[in-house]
Amino acid sequence: MSFRIIFAASLLCLSLAAAAQLKTISEAYEVSVTDLRLPASEIGTITLRKCPECKFESLQVLETTVYEFNGEQMSLEKFRRSVANLYSSKNIPVQVLHHLESNQVRNVWVLVP
């Protein structure tokens, strides 16, 4: 019985040590389509507001940024046209994945219900 307790305590200590080493590498934001300004070109900035009361923030995008609309990967130009049709629907969320270390947006996607 005491062996099981010691063994369980040892495993708990090991798991806590491993958890302490976790590092956040990306942040994901879910913003309203009306709180998002897409870049004009593939290399530029995307501007978003994380909450209605927040100020707009600019994040860098590159030609490697992936744009998806309803699961279909597409060019920035086609994505801009698809999103432009949604501006009348203020409750449509857009997800943005921002890689912290490189300070670049990796993915932008929309799933329309």
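Calculation notes
- Residues numbered from 1 in each chain as written.
- Predicted model: local features only at pLDDT ≥ 70, side-chain atom pairs only at ≥ 80, totals over all residues.
- Heavy atoms only, no water.
- Pairing = 2+ DSSP bridges.
- Helix = DSSP H or I, 4+ residues; strand = E, 2+ residues; numbered from the N terminus.
- Buried < 20%, exposed > 50% of the residue type's maximum accessible area, 1.4 Å probe, protein only.

Things to note about the pairing of strand 3 (residues 44-48)
Reasoning step 1: Sheet topology note: the strand 2 (residues 36-37)/strand 3 ladder contains two bridges and is antiparallel. Within strand 3, the position partnered with R37 by the bridge is T47.
Reasoning step 2: Between strand 2 and strand 3, which pair antiparallel one after the other, the connecting turn spans six residues.
Reasoning step 3: Where strand 3 and strand 4 (residues 57-61) come together, five bridges link them in antiparallel fashion. Pairing of T47 across the sheet is with S58, part of strand 4.

Describing unusual backbone geometry
Reasoning step 1: Despite not being glycine, N70 shows a phi value in the positive range, around 50°.
Reasoning step 2: Note on placement: N70 falls in the loop between strand 5 (66-69) and strand 6 (72-74).
Reasoning step 3: For N103, which is not a glycine, the phi torsion comes out positive at approximately 55°.
Reasoning step 4: A relative accessible area of 40% means that N103 is categorised as partly exposed.

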